[in-house]
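# Summary of the model geometry
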Amino acid sequence: MQLKNYQQTALEQLDRWLDALKEARLKGEKARKVLAKSGIDTPEELKNYPLSAWKSLQEQGVLPGIPQDGKIEPSEYISRTATSGEPIPHVCLKIPTGGGKTLLGVAALERIKQDTGFVLWIVPTRAIYGQTIAAFRTREHPYRQMLERISGGKVKLLQKNDRFTKQDIESQLCVMMLMLPSANRQKNKDFLKIFRDSGGYTSFFPEQDDSTANKILSEQHPDLEKNNSGSSVKQSLINVLKLVRPTVILDEAHKAYGKNDDNNKQFVKSVNRLNPRFVLELSATPKTRISNILVNISGTELQAEEMIKLPIEIHSFSNSDWKHTLAETQNKLNQLENETRKLKQRENRYVRPIALVRVQRTGKDQRARGYIHSDDAREYLIQNLSVPQNQIRIQSAEHKELEGEDLLSEASSVRWIITKDALKEGWDCSFAYILALLDNTTATTAMTQMVGRVMRQPHARNIEKSNALNRCFIYCYNKDVGEAVEGVKAGLEKEGLTGLGDSIRGHGDNGAPEKITVKRRGKYKRLKIFLPQVLHKQGMRWRTIDYDRDILSAVNWGKIDGGAAVKLDDKDITREIKTTLDIQGQGEVSEESLDTGESLSLDYFVRRLTDMIPNPWQAARVAESFIQKHKGKKHEESKLLNNRIYLSEKLRRRVKCDIDGKAESVFRDKVGRNEIRFHLETDGYLNHKLKNSFEVFVSDPERSLQGEHGRPIQQSLFDPVYESGFNGLEKDFALYLDTNNAIYWWHRIAARQAYSLQGWRRQRIYPDFVACRRDNGTLLILETKGMHLKGNEDTDYKKQLLDTLEKTYSTALERGTMEVKEPPPPARFRMMFEDTWKEKMNEFVSDNQ
């Protein structure tokens, strides 16, 4: 599975945290040893290495700001302590609904180096539990494949009552799924079952009549629960967890916390009692005073990566009823199906649009006059709208007709799903396009709760030549459209989909957003503005570059290599290996204690390369060569086996670096041989042309972008410009361009909808602004970046590519090799960071630039 840019950025941020965590822990250990020799007790701040690591990231300026009381405030670390007294590293990845939280949770295990041991995966609802465990069980599913790769094919999936042994944890990656009520004593008595002395975990405990061994174990772990007699340790699941110190993944963490602070504290205490070594929260809307927000992904980032369907169209039918609304839903569904048939013929890509219908009642004995029941809706669809019965499913507490149904399969016939609240949370199907609300009294609330259910984009990829299949729809009746729009906006915020308010379009009698045409300002109407694109030669002609066809296919995979053997005998390296095994130092055990008699598996290493090397034979060759180099150093098999996490991670990083380097060489070599160029061309279709007008939907009132004291902007290429299309940094940047006399005109390029640049990595660059200098007509193509993205690998790559393209363009300009009718303008391609952009721009537009 190819990670999206924002997912890769999130994982890189997690890497920073883990590196800071290891460094802080090692520094604390050194200081404690020095103080211990002097007879001085260790201060609490030295023990709390997670807090030190957080402060380190704060000093680097790479943590996201947290919105509080209308302001963006720096995030402060909230410390947690296990019942054993150890500090618990815990962070939260704030990912909107539809952003792949589960995928990031699995990928995080690889970053934490969790190839064996115990993972406790806690989910809040039965629906999410069912979906997650089904994905983990299915060997063809990307989540399971990633777990297999992490563990070298040794995954043991567990539910709460399943038994496991100490040997299982030492040799396999054990993932236990747990429902939230089972984890929180305050919410459900089911939690008490974890304390039960079941006798099913004997491999972790001494015999109950062995008082000496029980006493030693109790002294080593004083937080373990005892039997009523107090003479022996309970052989319960919670005691096992305290001993093995699980990594805890708290999925949809915002649903674990509520408005009651006391209950929230109790839940935190419940998790702390499990004695976790690491807690990772995945949440769309985390609690700011409970969760340590390490990553903050916005809705616009999902939009840019084609993860969600936008815009959202709201249709409200006046003087109507639920039957008319259902008929209109069918009309739209039929239109979408026509589009999908064309898609199948054009691209052999399968999509089957589904309508999600919300009713008032679903229970067997709840059908009564005045209420719209699921059976009413089904009967109307079959009898009045001629919908085949096999295309309809009801999903409720009593009727679970979706169980066992693979909605994405071409074998499925489902086109209508009728529900009330069963799919309100934790249900995802990218084929769901329409939300039809037949309960008029609660329609606005339902929009808020269920809008996220129809927003996921099929295959996480926009559908070309079909705008309708890239958007989703809400159908209701007798609702004020303005109120409906606000309800959907609230729903998006609740799902963490921030910044998408201008993507909601209402259609009805009152308050409907208006479609307007934004045109060039009068003084810029006659300007012909072309931007260069990265082109690849094909015969005697040129075309836009294709990454797989032109870059990846040209990499010499036979030359990919994992590098020299790692010096495992080096003391510093060995220490690093031990710290990567466990961020809390629990990996520092003797090699003898880890000697299970296993041999180093080639498959373990191959699985960790297959997402980077497309040919499995080449992946096996690279892995085999890497292993043999270490065996050639006459390392004992047990030593290689015990260090396999570190070795495999080292191999992955080396291979990734090697592939990136070779892909970059391919790109640069082709530039040097004039097989890739960055030109303005006589063939106009090869250039990106800025249009003279475009259409947008605006709500009333829609605020125009303004400067200080309400000063209207004057130098934007188009007019009007709406404030909703800018974040804080972009707004400040735009106002700077508008008031700078050196700038002739400027334009904010819509995210993922226009101009992009392809380099030697798969991800494209989407510049934010294009501007023109007044004196010499130089085009300025600019990408803005927040402080939290400064210095990461993705940002460094983009800066290198922009520098390369600027040099390529300037060289062609100097040599006069651009065959265009009019003299091409100079062009500059730059990245502007939040802390230095104003200073850089002042230099950029000065006379000597």
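### Re the overall build of the protein chain
What the protein chain contains, in helices and strands, is 25 helices and 28 strands. Considering the protein chain as a whole, with its 849 residues, one finds that 54% of them fall into the buried category. In the protein chain, once contacts between residues fewer than 6 apart in sequence are set aside, the share between residues at least 24 apart is 76%. Summed over all atoms, the accessible surface of the protein chain reaches about 38300 Å², with 45% contributed by carbon and sulfur.

### Quick look at the confidence of the model for the protein chain
Summarising the model, the protein chain shows a mean pLDDT of 83, and 88% of its residues fall at 70 or more. Below a pLDDT of 50 lies the segment residues 570-597, which in the model reaches 56 contacts outside its immediate sequence neighbourhood of four places, other chains included.

### Overview of unusual backbone geometry
Backbone torsion omega between leucine 310 and proline 311 reads 5°, so that peptide bond is classified as cis. Among the structural elements, proline 311 can be located in the loop between helix 12 (299-304) and strand 10 (312-317). Residue aspartate 719 is joined to proline 720 through a cis peptide bond whose omega torsion reads 5°. Relative to the assigned elements, proline 720 resides in the loop between strand 24 (718-719) and helix 23 (728-739).

### Some details on the nonpolar core
Grouped together as the largest cluster of nonpolar side chains are 117 residues, with contacts concentrated most on Trp17 and Leu294. Counting 65 residues, the second largest nonpolar core, distinct from the first, contains Ile627, Val696, Trp745 and Met818.

### Side note on the packing of aromatic side chains
What the rule picks out here adds up to 22 aromatic pairs. With a centroid separation of 5.0 Å and 65° between ring planes, the pair formed by phenylalanine 694 and phenylalanine 718 is classed as edge-to-face. With phenylalanine 694 in strand 23 (residues 693-698) and phenylalanine 718 in strand 24, the pair connects residues that are 24 residues apart, well separated along the chain. When its relative accessible area of 31% is taken as the criterion, phenylalanine 694 is described as partly exposed. Here the aromatic rings of tryptophan 746 and phenylalanine 769 are separated by 6.3 Å at their centres, their planes lie at 55°, and the arrangement is tilted. With tryptophan 746 in strand 25 (residues 743-748) and phenylalanine 769 in strand 26 (residues 769-773), this pair connects stretches of sequence that are 23 residues apart. With respect to burial, tryptophan 746 and phenylalanine 769 carry one shared label: buried. A connected cluster of aromatic rings, assembled from ring pairs, spans Phe733, Tyr736, Trp746, Phe769 and Trp837. Positioned above the aromatic ring of tyrosine 433 is the side chain of lysine 309, whose terminal nitrogen or guanidinium carbon lies 4.3 Å from the ring centre.

### Details of the sheet that holds strand 3 (residues 90-94)
Across the sheet, which stays open at both edges, the seven strands sit in the order 5-6-4-7-8-3-9 with parallel pairing between neighbours. Every other strand in the sheet has two partners, leaving strand 5 (155-158) and strand 9 (293-296) as the edge strands with one partner each. Put simply, the sheet's adjacent strands are angled 20° from each other on average, direction ignored. Here strand 5 pairs with strand 6 (residues 173-179) via four bridges, running parallel. Of the residues in strand 6, the one forming a bridge with leucine 158 is methionine 176. This element, helix 1 (residues 5-37), spans strand 3, strand 8 (278-283) and strand 9 of the sheet and lies at about 160° to strand 9. Taken strand by strand, helix 6 (residues 142-151) contacts strand 5 and strand 6, and its axis lies near 130° from that of strand 5.

### Considering the environment of valine 481
Within the element layout of this structure, valine 481 appears in helix 16 (residues 481-494). For valine 481, a relative accessible area of 1% puts it in the buried group. Between the alpha carbons of valine 481 and histidine 507 there is a distance of 6.9 Å; along the sequence they are 26 residues apart.

### What about the packing of helix 20 (residues 616-631) against helix 22 (residues 644-672)?
Closest axis-to-axis distance for the helix 20/helix 22 pair is 11 Å, and the angle between their directions is 130°. Overall, the two elements helix 20 and helix 22 adopt an arrangement that is oblique. Relative to helix 22, helix 20 is oriented so that their crossing is right-handed. On helix 22, the residues touching Val622, Ala623, Phe626 and His630 of helix 20 are Leu647, Leu651, Arg654 and Val655. Of the residues contributing to the contact of helix 20 with helix 22, the split by class is six nonpolar, one polar and one charged.

### A few points about the pairing of strand 15 (residues 472-477)
Within a regular beta strand, the side chains point alternately toward one face of the sheet and then the other, so they alternate between its two faces. Here strand 15 lies mainly inside the structure; six of its six residues are buried. Burial along strand 15 is two-sided: the face carrying Cys472, Ile474 and Cys476 and the face carrying Phe473, Tyr475 and Tyr477 are both buried. Sheet topology note: the strand 10/strand 15 ladder contains six bridges and is parallel. Within strand 15, the residue paired with isoleucine 314 across the bridge is isoleucine 474. Bridge count for strand 14 (residues 432-437) against strand 15 is three bridges, and the pairing is parallel. Residue pairing for strand 15: isoleucine 434 is matched across the bridge by phenylalanine 473.

### Regarding helix 23
Taking 1.5 Å per residue as the helical rise, helix 23 with its 12 residues ought to reach 16 Å, and the 17 Å between its terminal C-alpha atoms agrees with that figure. For helix 23, the elements touching its buried residues are strand 25, strand 26, strand 27 (779-785), strand 28 (827-833) and helix 25 (837-844).

### Observations regarding the packing of helix 1 against helix 4 (residues 101-111)
At their nearest, the axes of helix 1 and helix 4 sit 10 Å apart, and the two run at 35° to each other. Judged by the twist between their axes, the crossing of helix 1 over helix 4 is right-handed. Packed against helix 1, whose contacting residues are Gln7, Gln8, Ala10, Leu11, Glu12, Leu14, Asp15 and Leu18, the element helix 4 presents Leu103, Leu104, Ala107, Ala108 and Arg111 at the interface. Looking at side-chain class alone, the contact of helix 1 with helix 4 contains eight nonpolar, two polar and three charged residues.

### A look at the pattern of salt bridges
Enumeration according to the criterion identifies 37 salt bridges in this entry. Residues lysine 101 and glutamate 252 are paired through a salt bridge, measuring 3.6 Å at the closest nitrogen-oxygen approach. Taken together, the residues lysine 101 in helix 4 and glutamate 252 in the loop between strand 7 (247-251) and helix 11 (261-272) connect sequence positions 151 residues apart. In terms of burial, lysine 101 and glutamate 252 fall into one category: buried. The partner of arginine 521 in a salt bridge is aspartate 719, with the nearest N and O atoms 3.5 Å apart.

### Side note on the sheet that holds strand 16 (residues 504-507)
The strand order across the open sheet formed by seven strands is 12-13-11-14-15-10-16, and the pairing between neighbours is parallel. The two strands at the open ends of the sheet, each matched to only one other strand, are strand 12 (392-395) and strand 16. Between one strand and the next, the sheet's axes are offset by a mean angle of 20°, whatever the strand orientation. The strands that helix 14 (residues 374-383) touches are strand 12 and strand 13 (416-419); relative to strand 12, the one it contacts most, it runs at about 175°. Its contacts with the sheet put helix 16 on strand 10, strand 15 and strand 16, and the angle it makes with strand 16 is roughly 155°.

### Remarks on the side chain of glutamine 533
Its location among the elements puts glutamine 533 in strand 19 (residues 533-538). Here the side chain of glutamine 533 touches leucine 686 through a polar contact of 2.9 Å, landing on its backbone oxygen. When residues no more than four places from it in sequence are discounted, the contact partners of glutamine 533 are Thr544, Arg677, Phe678, His679, Tyr685, Leu686, Asn687, His688 and Tyr755.

Quick notes on the rules
- Residues numbered from 1 in each chain as written.
- Predicted model: local features only at pLDDT ≥ 70, side-chain atom pairs only at ≥ 80, totals over all residues.
- Heavy atoms only, no water.
- Helix = DSSP H or I, 4+ residues; strand = E, 2+ residues; numbered from the N terminus.
- Buried < 20%, exposed > 50% of the residue type's maximum accessible area, 1.4 Å probe, protein only.
- Contact = heavy atoms within 4.5 Å.
- Areas by Shrake-Rupley, 256 points an atom, 1.4 Å probe, with all protein chains shown as cover.
- pLDDT = per-residue confidence, 0-100.
- Core = buried A, V, L, I, M, F, W, Y, C linked by side-chain atoms within 4.5 Å.
- Phe/Tyr/Trp six-rings, centres within 6.5 Å; stacked < 30°, edge-to-face > 60°.
- Lys NZ or Arg CZ within 6 Å of the ring centre and 35° of its normal.
- Pairing = 2+ DSSP bridges.
- Axes fitted to C-alpha atoms, helices over the stretch in contact; angles between N-to-C directions.
- Parallel < 35°, antiparallel > 145°, perpendicular 65-115°, else oblique.
- Left-handed = near helix turned anticlockwise from the far one by under 90°.
- Nonpolar A, V, L, I, M, F, W, Y, C, P; charged D, E, K, R; others polar.
- Expected span 1.5 Å × (residues − 1).
- Salt bridge = Lys/Arg side-chain N within 4 Å of Asp/Glu carboxyl O.
- Polar contact = N/O pair within 3.5 Å; in protein donor to acceptor, adjacent residues only side chain to side chain.

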